[in-house]
Amino acid sequence: MDATVSLRVIGVVSTGRADRESTPIQAALNRSEHGTVQVDPAYADGLDGLADCDYAWLLTWLDAKPAQLRPPRLRLVPFLLRPQQREVGIFATRSPNRVNRLGLSLVQILDVTAGTIRFAGVDMLDGTPILDIKPYVSRFDRPPGDPRCGWFDQVAIGERITPADLGPEP
């Protein structure tokens with residue numbers, strides 16, 4: 001099974017962040033920092049109604065510079081496990097170095113005007129391509145109970161934590 005798909009970029013993120021190691025690792029840990037998505041004018045009508053939502057999922061393409069690209073490893077030490085130097089499988093992580101370089105960020109919508117979304121929760125580099133935007137719907141996106149989250153349940157995570165805060169890359 002070696003199929004390919006083509007995707008359209010519908011917008012671009014502006015954050016002021018240029019370096020992965022100093023960018024907070026998850027949007028939820030960095031709500032104090034704001035960014036924007038500039039949606040391509042061809043898709044701007046698709047934003048109608050989004051301003052009525054408090055949160056949205058941004059599906060991104062983690063378009064690293066060629067010098068940063070490495071072949072994805074199926075086992076790696078994720079950012080949060082750097083202090084323990086513990087490896088886990090790529091699909092049990094949120095590492096940006098993936099088989100398909102897709103990113104997923106849950107951002108807080110601050111406002112939507114004229115093809116621009118202003119949001120809180122920066123965890124993306126400036127210039128990150130946006131592939132899709134979906135509203136967060138608690139009835140669909142929040143599972144019942146207290147779901148297990150594997151090794152994430154055993155790691156202390158602080159606000160605005162960056163990969164550099166967690167030690168050198170293995």
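Counting restarts for each chain: residues are numbered from 1 in the order of the written sequence. Only residues with pLDDT of 70 or above have their local features reported here, since the model is predicted, and side-chain atom pairs are shown and tallied only from 80 upward, although totals for entire chains, interfaces and linings are computed over all residues. Each side-chain value is derived from all of the structure's non-hydrogen atoms; neither hydrogens nor water enter the calculation.

A. Structural detail: the overall build of the protein. The helix and strand tally for the protein stands at 1 helix and 8 strands. Along the protein, helices (α) and strands (β) appear in the sequence β-β-β-β-β-β-β-β-α when read from the amino end. With the radius of gyration taken over C-alpha atoms, the globule rule is written as 2.2 Å times the number of residues to the power 0.38. What you see for the protein is a C-alpha radius of gyration of 17 Å, in line with the 15 Å of a compact globule of 170 residues. C-alpha atoms of the protein, sized along the principal axes, occupy 45 × 40 × 35 Å. Relative accessibility under 20% of the residue-type maximum defines a buried residue, over 50% an exposed one, and the middle range a partly exposed one, all with a 1.4 Å probe and only protein chains included. Classification of the 170 residues of the protein by burial places 36% in the buried group. Contacts are residue-level and defined by heavy atoms, with any inter-residue pair within 4.5 Å sufficient. Once local pairs closer than 6 in sequence are excluded, the contacts in the protein between residues at least 24 apart make up 82%. What sets the accessible areas is the Shrake-Rupley method with a 1.4 Å probe; for residues, cover comes only from the shown protein chains. For the protein, the exposed area adds up to about 10,600 Å²; of that, 54% sits on carbon and sulfur atoms. Here Asp and Glu are counted as negative and Lys and Arg as positive; His is not counted, and neither are the chain ends. Where a charge sits is defined by one atom per residue type, namely NZ (Lys), CZ (Arg), CG (Asp) or CD (Glu). In the protein, the 19 positive side-chain charges and the 21 negative ones have mean positions that sit 7 Å from each other. A run of DSSP states H or I qualifies as a helix once it reaches four residues; a run of E qualifies as a strand once it reaches two. Both are numbered from the N-terminal end.

B. Spatial organisation of the nonpolar core. In this structure, Val37, Leu50, Leu58, Ile117, Phe119 and Ile133 are the most contacted members of the largest nonpolar core, which totals 18 residues. When residues of this core are assigned to their parent elements, the largest contribution, 3 residues, is made by strand S6 (residues 102–113). In this view, valine 37 contacts Val12, Val13, Leu58, Gly115, Thr116, Ile117, Phe119 and Ile130; residues no more than four positions away in its chain are not counted. Core analysis: the second largest hydrophobic core is formed by 11 residues, Val77, Val88, Trp151 and Val155 among them. By nonpolar core we mean a set of buried residues, namely Ala, Val, Leu, Ile, Met, Phe, Trp, Tyr and Cys, connected to one another through side-chain atoms within 4.5 Å.

C. Layout of the packing of aromatic side chains. In this scheme Phe, Tyr and Trp rings, the latter by its six-membered ring, pair at centre separations within 6.5 Å, and the angle between planes marks the pair as stacked below 30 degrees, edge-to-face above 60, and tilted otherwise. If you walk through the whole model with that rule in mind, you get 3 aromatic pairs. When the centroid spacing of 6.4 Å and the interplanar angle of 70 degrees are considered together, the rings of tyrosine 55 and tyrosine 136 count as edge-to-face. Taken together, the positions of tyrosine 55 in strand S3 (residues 55–61) and tyrosine 136 in the loop between strand S8 (129–135) and helix H1 (138–141) put the pair 81 residues apart, joining distant regions of the chain. When its relative accessible area of 24% is taken as the criterion, tyrosine 136 is described as partly exposed. Seen in terms of ring centroids, tryptophan 151 and phenylalanine 152 are 3.9 Å apart; in terms of plane orientation they differ by 25 degrees. Their pairing is stacked. An aromatic cluster is present here, built from Tyr55, Trp57 and Tyr136 joined pairwise through their rings.

D. Structural detail: the pairing of strand S7 (residues 116–120). Here S7 lies mainly inside the structure; 4 of its 5 residues are buried. Where strand S2 (residues 34–39) and S7 come together, 5 bridges link them in antiparallel fashion. Bridge pairing in S7 places valine 37 opposite isoleucine 117. Whether two strands pair depends on DSSP finding at least two bridges between them. Where S6 lies against S7, 5 bridges are found, and the strand directions are antiparallel. Each residue of the ladder has a partner; that of aspartate 111, found in S7, is arginine 118. Hairpin connection from S6 to S7: 2 residues lie between these consecutive antiparallel strands, with alanine 114 at a positive phi of about 45 degrees.

E. Spatial organisation of the pairing of strand S1 (residues 11–14). Side-chain alternation along S1 places Gly11 and Val13 on a buried face and Val12 and Ser14 on a face that remains uncovered. The pairing of S1 with S2 spans 4 bridges and is classified as antiparallel. Within S2, the residue paired with serine 14 across the bridge is threonine 36. Taken together, the 2 bridges between S1 and S8 define a ladder with antiparallel strand orientation. Bridged to valine 12 within S8 is proline 129.

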